[in-house]
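# Structure at a glance
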Amino acid sequence: MKSIVILISGRGSNLRSLVQACAAQAWPARIAAVVSNRPDAAGLEFARECGIATRIVNHREFATREAFDAALAETIASYAPDILALAGFMRILGADFVRRFAGRIVNIHPSLLPAFTGLHTHQRALQAGCKVAGATVHFVTHEVDHGPIIAQAVVPVLPDDTEETLAQRVLAREHLIYPMALAWLVRDALYIENGSVRVATGEAQWLL
Ligand code: GRF
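### So, the domain arrangement of the chain
It is common to report an interface's size as the accessible area lost on association of the parts. Splitting the chain by domain gives domain 1 (1-102) and domain 2 (110-136 + 151-208). Summarising the inter-unit geometry, the C-alpha centres of domain 1 and domain 2 are found 21 Å apart. Each side of the interface is counted separately: domain 1 has 17 residues, and domain 2 has eleven residues. Buried surface at the junction of domain 1 and domain 2, both sides included, amounts to about 1200 Å², of which 71% is carbon and sulfur. The interface formed by domain 1 and domain 2 contains one salt bridge. As a salt-bridge pair, K2 and D188 come within 3.0 Å of each other at their nearest N and O atoms. Counting the contacts that link domain 1 with domain 2 gives five residue pairs in polar contact (both at pLDDT 80 or more). Of all elements in the fold, only β1 (2-8), α1 (13-24) and β4 (83-86) reach the threshold of two or more residues within the side of domain 1 that touches domain 2. Top contributing element to the side of domain 1 that touches domain 2 by residue count: α1, with five residues. Each residue belonging to the side of domain 1 that touches domain 2 can be placed in one class, and the counts come to eleven nonpolar, four polar and two charged.

So, in structure tokens, the structure goes:
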């Protein structure tokens, strides 16, 4: 039975999709805790309703990024997680933190990486005239939004799209690929070959 800790900062719709998939698909895993850097993150309420332990490590209470990272790492380590899933977690994690949980941290990013790392991905995709957009689940390394890619989903960009309509279309796909990718991790079905993430034969892989 794998132990998963999920990190959030806000709404928590990806958190919801992971919690629901874990239960519905009977993963050999449990969500040990949801940790937020913001006390007002809406996702905390959902976690509480599900009976999942919640913890807040408020970045505003720390003088330095290193001090915040260290407190966050200690809180997380107390749950001895096998997997650390960032789900709309809006703080950049330092190299020491990433090293401590290396190979166990995954993130979902709302663009087709390596395009549009960082913020405002949908606005930038629209400005660039992209005809497709999407989302990426990847391993977290010390370089923000750059780790090995686990899964991606593509959506069309429509002529009358706004940032909001595009974000909505991408988010619906996020809710499919993140549970898919986490299920692979839970089942130890991922390995890295020549720098690329591969999925073990026999695992369900949807083309999205
Ligand atoms: C998602 O778009 C995710 O890709 C990005 O932050 C957003 C979080 O949304 N990293 P939610 O809190 O999961 O609803």
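### Side note on helix α6 (residues 163-186)
For α6, spanning 24 residues, the distance from its first C-alpha to its last is 33 Å, which sits close to the expected 34 Å at 1.5 Å a residue. The positive-phi residue at the C-terminal boundary of α6 is D188, with phi of around 55 degrees.

### Remarks on the site of the ligand
Lining the immediate surroundings of the ligand are R11, G12, S13, N14, G88, I108, H109, P110 and E174. Backbone polar atom of G12 to an oxygen atom of the ligand: 2.8 Å apart, as the coordinates give it. Between the ligand and N14, the relevant distance is 2.9 Å, taken from an oxygen atom to a main-chain nitrogen or oxygen of the residue. Judged by the fraction of its atoms near the pocket grid, the ligand is located in the largest pocket. For the shell around the ligand, the secondary-structure elements that each account for two or more residues are α1 and β5 (105-109). Residues belonging to the shell around the ligand are distributed by class as follows: two nonpolar, five polar and two charged.

### Some thoughts on the sheet that holds strand β2 (residues 29-36)
Strand order in this open sheet of seven strands is β3-β2-β1-β4-β5-β6-β7, and the pairing throughout is mixed. With partners counted over all chains shown, the strands left at the sheet margins are β3 (53-56) and β7 (149-156), one partner each. For this sheet, the mean inter-axis angle between neighbouring strands, taken without regard to orientation, is 20 degrees. Bridge count for strand β6 (residues 132-139) against β7 is seven bridges, and the pairing is antiparallel.

### Let's talk about the pairing of strand β9 (residues 196-199)
Here β9 shows one buried face, formed by V197 and V199, and one open face, formed by S196 and R198. The antiparallel pairing of strand β8 (residues 190-193) with β9 creates a hairpin that spans two residues between the two strands, and N194 there sits at a positive phi of about 50 degrees.

### Section: the pairing of β5
Counting buried residues in β5 gives five out of five residues, a clear majority hidden from the surface. Residue alternation in β5 divides its side chains into two sets, I105, N107 and H109 and V106 and I108, and both sets are buried. Of the pairings in the sheet, the one linking β4 to β5 comprises three bridges and is parallel in character. The residue of β5 that forms the bridge with A85 is V106. Handedness of the crossover is the feature at issue here: the chain leaves β4, passes through helix α4 (residues 95-100), returns alongside β5, and the resulting connection is right-handed. Across four bridges, the pairing between β5 and β6 is antiparallel. Considered in β6, the bridge of N107 is made with H138.

So, how was this worked out
Residues numbered from 1 in each chain as written. Predicted model: local features only at pLDDT ≥ 70, side-chain atom pairs only at ≥ 80, totals over all residues. Heavy atoms only, no water. Domains from an automatic or database assignment. Contact = heavy atoms within 4.5 Å. Buried area = accessible area lost by both parts, 1.4 Å probe. Salt bridge = Lys/Arg side-chain N within 4 Å of Asp/Glu carboxyl O. Polar contact = N/O pair within 3.5 Å; in protein donor to acceptor, adjacent residues only side chain to side chain. Helix = DSSP H or I, 4+ residues; strand = E, 2+ residues; numbered from the N terminus. Nonpolar A, V, L, I, M, F, W, Y, C, P; charged D, E, K, R; others polar. Expected span 1.5 Å × (residues − 1). Near = heavy atom within 4 Å. 1 Å grid on protein atoms, 1.4 Å probe; cavity = no way out; pocket = protein on both sides within 12 Å on 5 of 7 lines; lining within 4 Å. Sits in = over half its atoms within 2 Å of the grid points. Pairing = 2+ DSSP bridges. Axes fitted to C-alpha atoms, helices over the stretch in contact; angles between N-to-C directions. Buried < 20%, exposed > 50% of the residue type's maximum accessible area, 1.4 Å probe, protein only. Right-handed = clockwise from strand over helix to strand, strands pointing away.

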